[in-house]
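Here's the letter readout for the chains.
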Amino acid sequence: EFFTYSLYRNVCRSLFEKDKVLYSFLVCTRLMLSDTKITSAELRFLLSGVGGVYPGKPPEKPADWIPDRTWTEVIQAGLLPPFATLPADLRDNHEGWKKIYDSNDPASLKMPGAAHEKYSAFQKIVILRCLRPDKVVPVVQQLVIDEMGQRFVEPPPFDLKLSYEDSNPISPLIFVLSPGADPNAALIAFADTSGINLESLSLGQGQGPIASRMIDDAIDRGTWVVLQNCHLAPSWMPALEAKVEGFSIERAAPTFRLWLTSYPSDRFPVAILQNGVKMTLQPPKGIRANMLNTYIGMEEEFFEGAGTKARDLRKLHFGLAFFHALLQERIKFGALGFNIPYLFTESDLIICQTQCKMFISEFDVIPFEALRYTCGETNYGGRVTDAYDRRTTAMMLLDYYNPLAINDGYKFSESGKYGPPDGNPKLPAVLDHIRAFPLHELPECFGLHENANITFARNETYALFDAMLLLMPKDNTAGKDGGPTPDEILQALAQGMIDTMPVKSEHFRFGLPFLVDEVGELYPTDYNESMNTVLTQELLRFNSVIKVLRSTLQQLVLAVKGLIVMSADLETVANAFLEGKVPALWLKACYPSRKPLGSFFDDFMRRLTFLQKWIDDGPPPVFWLPGFFFTQSFLTGTLQNYARKHQVAIDTLRWDYFVRLDHPANKADDGCFIDGLFLDGGAWDLTDNVLCEQAPKVLFETMPVIQLLPILTTQFAVKPGDYPCPLYKTSERKGTLSTTGHSTNFVMQITVPSNMEEAHWVKRSVALLTMLDD
């Protein structure tokens, strides 16, 4: 036990906070496996949600409250012997299980029926993964406490002296940096305390020879050298590696130490990492800690320098510091925070502080518009590359840089828990005011719905499991636990998909891949009907995907049988299948998707069926928008039909939008009807036909049918309360700009009506999606 804890303590100091729980859980599960308290099949299911291949058609879910993903994972769990009765238990007693699903603390409730006594603590985590993945991480920590002790979930605090004592003159000390963390102050103070001279150099172009001379001098004199930002000098890293390998205990003075700082980089020498003492330094998390970090380093002179406007400067600076904290903390909500995670730094804050003081001091009337532009568009906005993220930062900043913000009693959030102190207080009083903030902030201070916490917790759980899967050994022991072997799972999965995707059948009478020439005879190129061209182009795109999928599956079956060699690509596909993920080889040839393997293939077959039905019955009255591979071609084709029908230039047209609460039986005279979309971050009021708030624990809602109607650009006007809502293909939201000039993820902007102002929904990050992750 002493060795285990000593190892935990030493490893933890080189891990980021998010990875410390992962390491504890990894050690815990390896010990439980060796003591046969759990099986590798149970552990693999907990991490992947894949138990095997269900024979035949899975049963329908017994109640509407059960999410599709939950029911799929329960059925998969039922393929493992310990959970064989779980699907039946859920079906027969779904009201009892609903209490667990609805609870804010499901782990504290007794499972219904005999389940509470039947399942072990680990098996209950497996069930919780299916029902409430957002509540898994705290229960994992509790399992580690029960199995190994409290100290294995309480990492020791950062101790520079202890790390120094564990080192020697020929082993470098390496700081692995994260945004906002700077070990310089601590290092300088430690060197002063130790009575040793410290020389520092920030690496970059041309600094290599200088650093080399500094190291040579310090080895002989017994002083310390700090080389900062090694990630900025990748070309000099091989020279540094050779220099460190040349260190000898005989030559180096006993007090000599080489300190290195670097962000995580694949160019950093592995040999130095292996031989060095690694430490991570991260700034404290949370709005409260972030604000304290900003104010503790400030001087009273900064505010007093504004003279009679010191009070206004204090008010606006407090809002700026709060805005900075929000930007850094909002990233934890994933795509609900920002489409792209940006690394906002202290330098952004410092330049905004300087400009804020300058504008307040030099102008009689505070130029709020100039302040918002320099801060939101230039300094912080300079890092923001996504147009909708830029809109979010601008709307957020409006709450802190406005004329009302300098009045006493102004609050930053609806709850009133956040706001600047009244009057003109000195720094100690401001620090006390910040310390009174809640320790753990609620989503409302970010402008987000309380459901955002569920999204954050779910993402945290799946990130933990995905990282664990990467560390799991690739062995064939699964079959020894009573479940199927990996080879049996692979063969059943691959053969099942091959059978579902026939070369030709009664339903797919034009074959798979589609015989495009024969379809082209039914739907020839027509000046007045662009949809014919859209259809044949879609068939060609899906044909290329069908070929990749079919050839991969056929080769995988042969490789599992031992008839061909398992290539590196096939092994990657096989590993993805066993983890329930879509192989990278498929995604490269396919449309964007974040679905697990089973759902992805079902969705793919549904798209093929959508196209076949179009071929058989003609264009549908309501188009299933997610069914298109390249959505923009369909939208352009619809605009083109309108332009040719009404003899207007296509570049003078744009879309107008109408949400329909019925399901039209006939095609639209102009434009088109679309469905299949989902609302993320909001819901739809079916009474007033407007955008509204989400219900608790309902993260996504199905959007009613939308009519897209082409109109002249000059005729379009945004009405009060309208929200320009972005439409994305997946919940990831971010994409890359393709050669067509379109984003691989963004589709279009749809303006929808609401009873609240636009800023409310912008801060909520409300968006439409063509598909979910389930």
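Everything discussed here concerns the structure shown above.
Below, the structure is looked at part by part. Please read these numbers as outputs of a predicted model, since none were measured by experiment. (Residues numbered from 1 in each chain as written. Predicted model: local features only at pLDDT ≥ 70, side-chain atom pairs only at ≥ 80, totals over all residues. Heavy atoms only, no water.)

Digging into the pattern of salt bridges
Thinking step 1. Applying the stated criterion across every chain, the model contains 37 salt bridges.
Thinking step 2. Two residues, Glu165 and Lys161, come together in a salt bridge whose shortest N-O distance is 2.7 Å. Of this pair, Glu165 and Lys161 both sit in helix α10 (residues 160–165), separated by 4 residues, roughly a single helical turn.
Thinking step 3. Between Lys243 and Asp216 there is a salt bridge whose closest N-O contact spans 2.9 Å. With a gap of 27 residues between them, Lys243 in helix α13 (residues 237–245) and Asp216 in helix α12 (residues 208–221) connect regions that are remote in the sequence.
Thinking step 4. Overall, Asp216 belongs to the partly exposed group, its relative accessible area being 26%.
Thinking step 5. Through salt bridges that share partners, Arg69, Glu73, Arg129 and Asp774 make up one connected network. (Salt bridge = Lys/Arg side-chain N within 4 Å of Asp/Glu carboxyl O. Helix = DSSP H or I, 4+ residues; strand = E, 2+ residues; numbered from the N terminus. Buried < 20%, exposed > 50% of the residue type's maximum accessible area, 1.4 Å probe, protein only.)

Digging into the sheet that holds strand β14 (residues 723–728)
Thinking step 1. Reading across the sheet, the 5 strands line up as β12-β9-β16-β14-β15 and stay open at both edges, with mixed pairing between neighbours. Where the open sheet ends on each side, the last strands, each with one partner, are β12 (700–702) and β15 (746–752). Averaged over all pairs of adjacent strands, the angle between their axes in this sheet comes to 30 degrees, without regard to strand direction.
Thinking step 2. Bridge analysis of β14 against β15 gives 6 bridges, and the strand direction is antiparallel. Within β15, the position partnered with Tyr723 by the bridge is Val752. (Pairing = 2+ DSSP bridges. Axes fitted to C-alpha atoms, helices over the stretch in contact; angles between N-to-C directions.)

Some words on the packing of helix α23 (residues 486–500) against helix α25 (residues 531–561)
Thinking step 1. At a closest axis distance of 9 Å, the pairing of α23 and α25 adopts a crossing angle of 150 degrees. Comparing the axis directions of α23 and α25 gives the class roughly antiparallel. Here α23 runs over α25; the crossing is left-handed. Facing α23, whose interface residues are Asp487, Leu490, Gln491, Ala494, Gln495, Met497 and Ile498, α25 presents Leu553, Gln554, Leu556, Val557, Val560 and Lys561.
Thinking step 2. For the contact of α23 with α25, a count of residues per class yields 8 nonpolar, 3 polar and 2 charged. (Parallel < 35°, antiparallel > 145°, perpendicular 65-115°, else oblique. Left-handed = near helix turned anticlockwise from the far one by under 90°. Contact = heavy atoms within 4.5 Å. Nonpolar A, V, L, I, M, F, W, Y, C, P; charged D, E, K, R; others polar.)

Overview of helix α3 (residues 40–48)
Thinking step 1. α3 sits mainly inside the fold: 9 of its 9 residues count as buried.
Thinking step 2. Those residues of α3 that sit buried are Ser40, Ala41, Glu42, Leu43, Arg44, Phe45, Leu46, Leu47 and Ser48.
Thinking step 3. Lining the buried residues of α3 we find α2 (17–34), α4 (68–77), α8 (121–131), α22 (452–471) and α26 (568–578).
Thinking step 4. Just downstream of α3 lies Gly49, where phi reads positive at about 75 degrees.

Observations concerning the sheet that holds strand β6 (residues 622–624)
Thinking step 1. Taken in spatial order, the 4 strands line up as β6-β8-β13-β7 in an open sheet, and their pairing is mixed. Bordering the open sheet on either side are β6 and β7 (653–660), each of which pairs with just one other strand. Adjacent strand axes in the sheet meet at a mean angle of 35 degrees when their direction is disregarded.

Quick look at the nonpolar core
Thinking step 1. One finds Phe577, Phe604, Trp614 and Phe634 to be the most contacted residues of the largest nonpolar core, which totals 83 residues.
Thinking step 2. For this core, the element with the most residues is α25, which contributes 13 residues.
Thinking step 3. Look past the residues within four positions of Phe634 in its chain and what remains in contact with it is Met531, Val534, Phe623, Leu625, Phe628, Cys672 and Ile674.
Thinking step 4. Formed by 54 residues, the second largest nonpolar core is a distinct cluster that contains Val27, Leu80, Tyr119 and Ile125. (Core = buried A, V, L, I, M, F, W, Y, C linked by side-chain atoms within 4.5 Å.)

Some thoughts on the packing of aromatic side chains
Thinking step 1. A complete count under the given rule lists 51 aromatic pairs for this structure.
Thinking step 2. A centroid spacing of 5.6 Å and a plane angle of 40 degrees characterise the contact between Tyr388 and Phe746, whose relative ring orientation is tilted. Here Phe746 lies in strand β15 and Tyr388 lies in helix α20 (residues 387–397), a separation of 358 residues in the sequence.
Thinking step 3. The class for Tyr388 is buried, based on a relative accessible area of 16%. (Phe/Tyr/Trp six-rings, centres within 6.5 Å; stacked < 30°, edge-to-face > 60°.)

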